[in-house]
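Examination of the molecular architecture
Chain by chain, the residues run as shown.
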Amino acid sequence: MSVLEVSHLSHSYGGREIFEDVSFRLLKGEHVALVGANGEGKSTFMSIITGKLTPDAGTVTWAKRTKVGYLDQHAKLKAGMTIRETLRTAFDHLVQLEQEMLAAYDKMGEASPEEMDQLMKDVGDIQDILDAGSYYTIDARIEEVAGGLGLRDIGLERKVDELSGGQRTKVLLTKLLLENPEILLLDEPTNYLDAEHISWLTNYLQNYENAFIVISHDVPFLNAVTNVIWHVDNLKLTRYTGSYEKFEEMAALKRRQEEAAYERQQAEIKKEQDFIQRNKARVATRGMANSRQKKLDKMEVLTKRQEKPKPHFHFQPDRTPSRFVIEARRLVLGYDTPLTKPVDIKVEHNKKIAIRGTNGLGKSTLLKTMLGLIPPISGELEQGEFVSVGYFEQEEAKGNMNTALEELWQEYPGMSNFEVRAALASCGLTNEHITTKMTALSGGEAAKVRLAKIMQKPVNLLVLDEPTNHLDVEAKKELKRALKEYKGTLLLVSHEPDFYEDLVDAVWNIEGWSTKII
């Protein structure tokens, strides 16, 4: 039984074709990974099937009475509310039903026998819905899911106005899971989640009885939770059954078959054209030449697969700094209140260090403090001599109306137009991406622009805060290769052990520094 049916979908955005005559069905209970390179239109796809965006052509049909829940990372949270109050709104429809039930009880005192029968039926139906929705254990349910996704570490009484973008996304995801929809649509749900919380979400989705569609570039996560792959590529959506690893094998085989078919047809066309050219002028063979021309004219010519530009990252090393690029004594991190106990830190040049720990413990705060962007609560911090920094922030600036070209040129006005375009192209961005505003780029495309800015100058200290969050699988592989080759010091915050484990010399788990009870 299909819960979603899409027929002959076509759509373009900003003059660029994204989908062309795409049709597919989502079957009951399927756990689907929607995958593809950055900029292929995965988030646009989600906007279309949720009705936020109208396609240029085609139809989107959901099964009747299907409750769909969508993790929209751009959704707003109501200002002034605490996290707990926001999460309780997931049960607003149940609160409303309870009010209806209580009102029905009030009417029973003056009801006729016929009215009483109807009221009793209504009350019974509502009670069944409340029981099925675990209405009488709301607070326990909130504690369970909020704890699983790390919101208890942040504090459920904290105002949503004070949260970072990543923390807001966790609130939205927690609220969505509490709503318990029949169909889940998740756009990069593991971004901003640490390994422990990804493990909890993995277990939740493995036991999820209904269908879901998830966009993610986290391969171990996809292998663990999905059984169907929808691959968005070259305007089409192709369905594969099995794990992500199986999909990679099948997709590579499909590409080889398409390339072989194209080459065979091109050879056949060349052979026929050669025959026609040699024989069309001779009376004796003109008929055969005309016959072959008609055959060529009717042939459905295959098009050569458009290869996507592959990113190539390279971080330029700078002069050798002093032995320790950063030293700290009795350092206490925080803003208004301490996040950590006093700690001593030494970062030796040419060392590569990953920083991990649950959200809310101060990983980003640690980076900003070590770079001198914010002051510590207390303690001494000293940066070594001749230290040059390349810093990738976890969250990009909102409302950036620069094009990718302007964004890089603004940082390096001495570069020529050609040099700026070449620098962006080397990161896997097309001319179309280069002339698109930063706000209109996908998360992965925008991340490539920010990485390009770092790569244009020599640095001996790379500080990267969750650089893989939006990057597709190929871009992550290339970034890992570039970081392995980089001849300098690396401080890396990442929630993906698969990315950093064979890359770094040491892993700092800052849970041991925290003043919080983990």
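Here we summarise the structure given alongside this text.

Reading the values: rules and limits
Residues numbered from 1 in each chain as written. Predicted model: local features only at pLDDT ≥ 70, side-chain atom pairs only at ≥ 80, totals over all residues. Heavy atoms only, no water. Helix = DSSP H or I, 4+ residues; strand = E, 2+ residues; numbered from the N terminus. Buried < 20%, exposed > 50% of the residue type's maximum accessible area, 1.4 Å probe, protein only. Contact = heavy atoms within 4.5 Å. Areas by Shrake-Rupley, 256 points an atom, 1.4 Å probe, with all protein chains shown as cover. Axes fitted to C-alpha atoms, helices over the stretch in contact; angles between N-to-C directions. Parallel < 35°, antiparallel > 145°, perpendicular 65-115°, else oblique. Left-handed = near helix turned anticlockwise from the far one by under 90°. Nonpolar A, V, L, I, M, F, W, Y, C, P; charged D, E, K, R; others polar. Salt bridge = Lys/Arg side-chain N within 4 Å of Asp/Glu carboxyl O.

**Looking at the overall build of the chain**
Counting secondary structure elements, the chain contains 18 helices and 17 strands. When each of the 518 residues of the chain is scored for burial, the buried share is 48%. In the chain, 72% of the contacts between residues at least 6 apart in sequence involve partners at least 24 apart. A total of about 25,800 Å² of accessible surface is found on the chain, and carbon and sulfur atoms cover 49% of it.

**Structural notes on the environment of Val 473**
By the secondary structure assignment, Val 473 is in helix H17 (residues 473-485). You can call Val 473 buried: its relative accessible area is 13%. Put simply, Val 473 and Ala 37 are 436 residues apart on the chain and 7.6 Å apart in space, counted from C-alpha to C-alpha. Leave out the neighbours within four places in its chain, and Val 473 touches His 217, Val 219 and Tyr 244.

**Overview of the packing of helix H5 (residues 138-148) against helix H7 (residues 165-179)**
Between H5 and H7, the shortest axis-to-axis distance is 10 Å and the interhelical angle comes to 135°. If you check the angle between H5 and H7, you find them oblique. In this structure, H5 crosses over H7, and the sense of that crossing is right-handed. Residues Arg 141, Ile 142, Val 145 and Ala 146 of H5 touch H7, and the partners they reach there are Thr 174, Leu 177 and Leu 178. Of the residues that constitute the contact of H5 with H7, the class distribution is five nonpolar, one polar and one charged.

**Looking at the pattern of salt bridges**
All chains considered together, the criterion is met by 27 salt bridges. Ionic pairing is found between Asp 139 and Arg 88, a salt bridge with its closest N-O pair at 2.7 Å. Of this pair, Asp 139 sits in helix H5 while Arg 88 sits in helix H2 (residues 83-88), and the two are 51 residues apart along the sequence. The shortest N-O distance in the salt bridge between Glu 258 and Lys 254 comes to 2.8 Å. Taken together, the positions of Glu 258 and Lys 254, both in helix H10 (residues 244-279) and four residues apart, correspond to about one turn of that helix. Classification of Glu 258 by relative accessible area gives partly exposed; the value is 34%. The network of salt bridges with shared partners includes Arg 84, Glu 143, Arg 152 and Glu 157.

**Quick notes on the packing of helix H3 (residues 92-107) against helix H4 (residues 113-132)**
As a packed pair, H3 and H4 sit with axes 10 Å apart at the nearest point and diverge in direction by 155°. By the angle class used here, H3 and H4 are roughly antiparallel. Crossing of H3 against H4: the hand is left-handed. Listed contacts from H4 to Leu 94, Leu 97, Glu 98, Glu 100, Met 101, Ala 104, Tyr 105 and Lys 107 of H3 are Leu 119, Val 123, Ile 126, Gln 127, Ile 129 and Leu 130. Of the residues assigned to the contact of H3 with H4, the class counts are 10 nonpolar, one polar and three charged.

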